[in-house]
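# Coordinate analysis (summary)
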Amino acid sequence: MWDDAFPSFLIGLREGLEGGLIVSILVATLVRAGAKSRLPQVWTGVLAAIALAMSFGAVLTFTAASLSATAQEAFGGTLSVIAVAFVTAMVFWMRRSARSLSGEIKEKVTGALAMGAGMLVLTSFLAVGREGLETALFLWTTARAAGESAGPMAGAGIGLVLAAGLCWGLYRRVLKINLTRFFTATGAVLIVIAAGVLGYGLRDLQEGGVLPGGTAYAVDLGGSVDAGSWYSTLIQGVFNLTPTMTWLQAVAYAGYLAVVMTLFVRGVRGAGTPATRSRPAAADRAKPAAKAKGKEDGKAQEEQPGPAAEAPRTASATPVRRRPVWAVPVAVVAVPSVVAGLVVALSGSKPVGTQTVAVSETECGKGFTAPEPGRQTFQMHNTGDKTSEVYLVDPASNAVYGEIEGLAPGTTRDLVATVAGGSYAWRCVPTGGRAVTSKAVRVSGGAGAKAVVPVSEKDLAAPLAAYRTYVEQGLATLVTQTRELSDDIGAGHLDAARADWLTAHRTYSSLGAAYGTFEDYDQKINGRPDGLPGGVNDNGFTGFHRLEYGLWHGQSPDRLKAPAQQLADDAAGLRKAFPTQTFDPGDLPLRAHEILENTLQFELTGHADQGSGTELATADANLAGTRELLTVLRPLLTSRAPRLLPAVDADIARMQKLLDAAHHGDSWTPVDRLDATARDRLNGATGQLLEDLAPVPDLLEIRKSA
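Within each chain, residues carry numbers counting from 1 in the order of the written sequence. Per-residue local features of the predicted model are confined to residues with pLDDT of at least 70, and side-chain atom pairs are confined, for both listing and counting, to 80 or more; whole-chain, interface and lining totals are unaffected and use all residues. Side-chain measures here rest on the full set of heavy atoms in the structure, leaving out hydrogens and waters.

### Observations concerning the overall build of the chain
The cut-off we apply is this: The numbering of helices and of strands both runs from the N terminus, where a helix is a DSSP run of H or I of at least 4 residues and a strand a run of E of at least 2. Each residue is placed in one exposure class: buried if its accessible area under a 1.4 Å probe, protein chains only, is under 20% of its type's maximum, exposed if it is over 50%, and partly exposed if it falls in between. The contact criterion used is simple: two residues touch if any of their non-hydrogen atoms lie within 4.5 Å. To measure how exposed things are, a 1.4 Å probe is used in the Shrake-Rupley method; for residues, cover is taken only from the protein chains shown.
Within the chain, the regular secondary structure consists of 20 helices and 12 strands. When the 706 residues of the chain are sorted by exposure, 45% land in the buried category. A separation of at least 24 residues holds for 75% of the contacts in the chain among residues at least 6 apart in sequence. Accessible surface, the chain as shown: approximately 35,300 Å² in total, 58% of it carbon and sulfur.

### Here's the deal with the packing of aromatic side chains
Note the threshold: The aromatic pairing rule takes the rings of Phe, Tyr and Trp, using the six-membered ring of Trp, and pairs them if the centres are within 6.5 Å, calling planes under 30 degrees apart stacked, those over 60 edge-to-face and the rest tilted. Think of it as a cone above the ring: NZ of Lys or CZ of Arg counts as a charge over the ring if it is within 6 Å of the ring centre and within 35 degrees of the ring normal.
Taken as a whole, this structure holds 11 aromatic pairs when the rule is applied. An angle of 40° between the planes, with centres 6.1 Å apart, marks the rings of Y508 and F544 as tilted. Taken together, the residues Y508 in helix α12 (residues 494-509) and F544 in helix α14 (residues 544-551) connect sequence positions 36 residues apart. Arranged with centres 6.0 Å apart and planes meeting at 75°, the rings of F518 and F578 form a pair that is edge-to-face. Of the two residues, F518 sits in the loop between α12 and α13 (520-526) while F578 sits in the loop between α15 (557-577) and α16 (587-603), which places them 60 residues apart along the sequence. Comparing F518 with F578, the two get one shared label, buried. One residue, R468, lies across the ring of F578, its end atom 4.7 Å from the ring centre. Its guanidinium or amino end placed over the ring of F602, R528 lies 3.8 Å from that ring's centre, counting from NZ or CZ.

### Notes on the environment of G554
Along the chain, the position of G554 falls in the loop between α14 and α15. Overall, the relative accessible area of 67% leaves G554 in the exposed class. Between the C-alpha atoms of G554 and L494, which are 60 residues apart in sequence, the distance is 9.6 Å.

### Observations concerning the pattern of salt bridges
Going by this rule: Criterion for a salt bridge: a side-chain nitrogen of Lys or Arg within 4 Å of a carboxyl oxygen of Asp or Glu.
Overall, the coordinates contain 10 salt bridges when judged by the stated rule. Between D587 and R591 there is a salt bridge, and its shortest N-O distance comes to 3.6 Å. With a gap of 4 residues between them, D587 and R591 both fall in helix α16, about one helical turn apart. The same class applies to D587 and to R591, which are both buried. Two residues, R591 and E594, come together in a salt bridge whose shortest N-O distance is 2.6 Å.

### Notes on the packing of α16 against helix α17 (residues 615-640)
How we decide: All axes are obtained by fitting lines to C-alpha atoms, using only the stretch in contact for helices, and the reported angles, taken between N-to-C directions, cover 0 to 180 degrees. Reported orientations rely on four angle classes, namely roughly parallel under 35 degrees, roughly antiparallel over 145, roughly perpendicular from 65 to 115, and oblique for the rest. Note on residue classes: Ala, Val, Leu, Ile, Met, Phe, Trp, Tyr, Cys and Pro are nonpolar, Asp, Glu, Lys and Arg are charged, and everything else, Gly too, is polar.
Running from N to C, α16 and α17 point in directions that differ by 170°, and their axes come no closer than 10 Å. One element, α16, and the other, α17, form an angle in the roughly antiparallel class. For the pair α16 and α17, contact is made by L588, P589, R591, A592, I595, L596, T599 and E603 and by E615, T618, A619, N622, L623, G625, T626, L629, L630 and L633, respectively. Broken down by class, the residue content of the contact of α16 with α17 amounts to 10 nonpolar, 5 polar and 3 charged.

### Description of the state of the cysteines
Note the following rule: Any two cysteine sulfur atoms lying within 2.5 Å of each other are counted as a disulfide.
According to the stated counting rule, one finds 1 disulfide in the structure shown. At a sulfur-sulfur separation of 2.0 Å, the disulfide partner of C364 is C428. Its torsion about the S-S bond being 85°, the disulfide of C364 and C428 is classed as right-handed. Remark: C428 occurs in strand β8 (residues 422-430) and C364 occurs in the loop between β3 (355-359) and β4 (374-382); sequence separation between them is 64 residues.

### Regarding empty space enclosed by the protein
Think of a ball as big as a water molecule: rolled over the atoms, this probe shows where empty space is left. Condition: Whether a set of points on the 1 Å grid over the protein atoms alone is a cavity depends on a 1.4 Å probe fitting there but being unable to get out, while an open set qualifies as a pocket with protein on both sides within 12 Å along at least five of seven lines; lining residues are those with an atom within 4 Å of a point. Grid points are joined across faces, edges and corners, and a volume is the space filled by probe spheres set on the points.
With the rule as written, the count across this model stands at 2 cavities of 30 Å³ or more. Contributing to the lining of the largest cavity are W501, H505, H545, E548, E603, A608, D609, Q610, S612, T614, E615 and T618. Of all the secondary structure elements, the ones that give two or more residues to the lining of the largest cavity are α12, α14 and α17. Among the residues forming the lining of the largest cavity, the class breakdown is 2 nonpolar, 6 polar and 4 charged.

### Considering the pairing of β4
Counted only if it meets this: At least two bridges found by DSSP between two strands are what make those strands a pair.
One ladder, built from 5 bridges, connects β3 with β4; its direction is parallel. Opposite V359, over in β4, you have N382 as the bridge partner. For β4 and strand β7 (residues 412-419), the ladder comprises 8 bridges, and the chain directions are antiparallel. Each bridged residue has a counterpart across the sheet, and for G374 the counterpart in β7 is V419.

### Here we look at the side chain of E701
When you line up the elements, E701 lands in the segment after α20 (696-699). On the basis of relative accessibility, which here comes to 17%, the residue E701 falls in the buried class. Apart from the residues lying within four places of it in its own chain, the contact partners of E701 are E403, E405 and V455.

### Examining unusual backbone geometry
Here the phi dihedral of N398 falls at roughly 65°; this positive angle occurs in a residue that is not glycine. Relative to the helices and strands, N398 is located in the loop between β5 (388-393) and β6 (400-407).

### Quick look at helix α19 (residues 676-693)
To be explicit about the condition: For a helix, the expected span equals 1.5 Å multiplied by the number of residues minus one. Here a polar contact is taken to be a pair of N or O atoms separated by no more than 3.5 Å, where protein atoms must pair a possible hydrogen donor with a possible acceptor and residues adjacent in sequence count only if both atoms sit in side chains.
Helix length check: α19 (18 residues) gives 26 Å between terminal C-alpha atoms against 26 Å at 1.5 Å per residue, within 8%. Among the residues making up α19, those that are buried are L682, G684, A685, T686, Q688, L689, L690, D692 and L693. Those residues of α19 that are buried lie in contact with α16, α17, α18 (644-660) and α20. For α19, the N-terminal capping position is held by D675, with its side-chain oxygen 3.1 Å away from the main-chain nitrogen of T677.

### Brief notes about the packing of α18 against α19
Spelled out, the test is: By definition, turning the near helix anticlockwise from the far helix through less than a right angle yields a left-handed crossing, and turning it clockwise yields a right-handed one.
The N-to-C vectors of α18 and α19 enclose an angle of 160°; their axes lie 9 Å apart at closest approach. Taken together, the axis directions place α18 and α19 in an arrangement best described as roughly antiparallel. Where α18 crosses over α19, the two elements pack in a sense that is left-handed. Where α18 approaches α19, its residues L644, A647, V648, D651, I652, R654, M655, L658 and L659 are matched on the opposing element by R681, L682, A685, T686, Q688, L689, D692 and L693. For the contact of α18 with α19, the per-class residue count stands at 11 nonpolar, 2 polar and 4 charged.

### Here we look at the sheet that holds β4
The mixed open sheet is built from 3 strands, whose spatial order is β3-β4-β7. Edge positions in the sheet fall to β3 and β7, since each has one partner strand and no second. Each strand of the sheet is rotated relative to its neighbour by a mean of 35°, with strand direction disregarded.

### Observations concerning the layout of surface pockets
Its volume calculated, the second largest pocket comes out at about 750 Å³. What lines the second largest pocket is a set of 22 residues, among which K450, R640, A641, P695 and L699 lie closest to the centre. Taken together, the elements giving at least two residues each to the lining of the second largest pocket come down to β6, β7, α18 and α20. Among the elements that take part in the lining of the second largest pocket, β6 stands out by supplying 5 residues, more than any other. Its residues assigned to classes, the lining of the second largest pocket comprises 13 nonpolar, 1 polar and 8 charged.

### Let's talk about the confidence of the model for the chain
Detailed reading of predicted coordinates is not advised where the pLDDT is low. Worth spelling out the cut-off: Residue-level confidence of the predictor is what pLDDT reports, using numbers from 0 through 100.
In the predicted model, the chain carries a mean pLDDT of 77, and 65% of its residues have values of at least 70. Within the model, pLDDT remains below 50 along residues 273-320, and this stretch shows 1 contact once partners closer than five positions in the same chain are excluded.

Rendered as structure tokens:
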């Protein structure tokens, strides 16, 4: 998440500090002028600016959501380019204005004081409002690039909070920061980030059909770069550089960076030298001017009437009606919010061309008409009284283009699917009811639609039988190995028992896809002490991890005999029970992903370790079990996603290589002793493999047909 958060953190810090400095100077000027009573006017203007920025962000978000997918790409790309222009202008403006910012604002405040409350509110509003709008626009573009990641919002929040703290410290004179150097350093970093945002925006414009060259690639490293590695994630998150970039993206990125950074660096050098040379002369000239100004100020103060010189009020004077104190703050928040609401309402609440389609046994597909080719959003509304599944299918082949599961009665959810030339219909499957298929419609033209050929229990029968045979053979081996482990502990050969333990545990760990079938035996054989009242000393703590704790914490053979015998008995009991246990065919595709999810959660964090330090040996066994499972599923996956398995095979080879590097003869490097780079690479490789395995459950899900 930090990779996505850094650009937003930087913009939040910069813009927050810039806006906060302006507010601090406004407040300090009023306090020194003895006009503390005018401070609420400053805060009212600041509140109005914040309300405007938040409303602007809401308009961007909801307006984009109401567009078609192609229009969203064009809209987002356009705003990304605009955001780059704003950030570029802001970087150069702050570089020039950092030194004279305080004096300029004090002049504006003095003028506003003379012109009344409205001008003071307007001054603070305009001063902060620009920063707020720039921040909203830039955050919207970075959040859109990050997808569902919470990083941009978290980074911006941290940056704004830190900026507020710095501004308070500067106001109280606790902190001393060279603002010129600060804005110069952050400006250089922002230019690099803005170059990435520009490339991302141009890519959106290409995908939206606004700019050509969407398939002309200058860089295509998708097959050779590990997208899940820490360095790849960092580069993509911070700089918006991806393994695949078009010529337009690459040229724009390099050109922007070369031109803008050169101008920025030259400007910094040019601004530094003259200022240094002229400073003594300027200081000398300032002294008589300051003295003259002091005399003028004193004379002006003597001429100003005090409270005693004010005209007395007569009893007959008409009383002045004062508006409530809360009226203006409420108005400045309400007005932008109402305007934003009107804009959102006028833009429409659903994407252009969206169809609302009924889902039920009696009205399945009602409201469905032939859509335009391309990416479409359908609003599926359950008009029945049962929770339903709904699929967009090719009625001839039953291939599935999109689906929603668990659509409750009376609820509506969006289903997004790409539509091309062909026939389409809706299949509604109410819980406990019969599957119903709607009337088909015909779509002409278009390309890019991808369908999943449905899988039946019959299709999974052969893979299931092959995997059951693999598990039965593994359980037979496990029974033999746990008996040897028990015998060695009984004879007091603890060194041999430790080796036996690892061998047997790896055998059991390689059977990962069957854990759900083992029922209570899995907890007995491989349960952890988590949640047990007595922890590692609880009587319910049994199996491999119980013996691991005892063998690597110096417990005597006499104390370990009973747990070892119980493990051997449980393994034999599981082998006997397995042929009669129900193995749901639908579990096979699910386990392809879940085995390594557990590996990432328990083994690669060290959470499951009870002293042996062999977590990576267990991860290696889990990988072997995943490989075996994919072997039996390969025929089904090859016909449905021919590009999936080559990518998965490459991921497995990468992860295997990293695990082999931690294997030294009979020993394995404990996870907590891996250096940071090796650990990051292993976690990244596992994460990438999980990402590539994620489609398997959907590709091989058993779906009901009419």
